[in-house]
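Summary of the model geometry
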Amino acid sequence: MAQGREHARVGHVMAPDPDAPMCSAKGCRAAAVWVLAWNNPKLHTPERRKTWLACEEHREYLSKFLGVRGFLKDVVKLEDWETPGTGPSAG
Ligand SMILES: [Zn+2]
């Protein structure tokens, strides 16, 4: 049994203020600039999107983390990110 591999717990966003989204990287408290949209086909239906937030510094790190697993779907600027269902006409 191989144990003790580093486990990455970066999925938890603990921003107390929803108006001030923070980077999802562990230990990082920088303001989020990017939204990483991802999907784990083993857990989620294909149209489902999980999102992580990233600052400039951690965008590449988090993208890679998801990318090597084949989970990463999209990387968009936070200001350009539209939460599904809130727009007047989501084409
Ligand atoms: Zn960060």
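Residues numbered from 1 in each chain as written. Predicted model: local features only at pLDDT ≥ 70, side-chain atom pairs only at ≥ 80, totals over all residues.

Named according to an unreviewed UniProt entry, the chain is Acetone carboxylase originating from Streptomyces glomeratus.

It is worth spelling out the overall build of the chain at this point. In terms of helices and strands, the chain carries 1 helix and 3 strands. Every one of the 91 residues in the chain was classed for burial, and the buried ones make up 18%. Long-range contacts, defined here as pairs at least 24 residues apart, represent 54% of the contacts in the chain between residues at least 6 apart. (Helix = DSSP H or I, 4+ residues; strand = E, 2+ residues; numbered from the N terminus. Buried ≥ 20, exposed ≤ 12 C-beta atoms within 10 Å, placed from the backbone. Contact = placed C-beta atoms within 7 Å.)

Our next topic: the environment of Leu-72. Within the secondary structure, Leu-72 sits in strand E3 (residues 72-77). Separated by 33 residues in the primary sequence, Leu-72 and Asn-39 place their C-alpha atoms 6.6 Å from one another. The contact partners of Leu-72, leaving out residues within four places of it in the chain, are Leu-36, Trp-38, Ser-63, Leu-66 and Gly-67.

Looking now at the sheet that holds strand E2 (residues 50-54). A sheet is described by the order of its strands in space; here 3 strands give the open sequence E2-E1-E3, paired in antiparallel fashion. Edge positions in the sheet fall to E2 and E3, since each of these pairs with one other strand and no more. Put simply, the sheet's adjacent strands are angled 25 degrees from each other on average, direction ignored. Pairing of strand E1 (residues 34-38) with E3 involves 5 bridges; the strand directions are antiparallel. Each bridged residue has a counterpart across the sheet, and for Trp-34 the counterpart in E3 is Lys-77. (Pairing = 2+ DSSP bridges. Axes fitted to C-alpha atoms, helices over the stretch in contact; angles between N-to-C directions.)

As a further point, take the nonpolar core. Counting residues in each nonpolar core, the largest one holds 13 residues, and the members touching the most others are Cys-23, Ala-32, Leu-36, Trp-52, Leu-53, Ala-54 and Leu-62. Contributing elements (two or more residues each) for this core: E1, E2 and helix H1 (59-67). Sort the elements by how many residues they give to this core and E1 lands first, with 4 residues. (Core = buried A, V, L, I, M, F, W, Y, C linked by C-beta atoms within 7 Å.)

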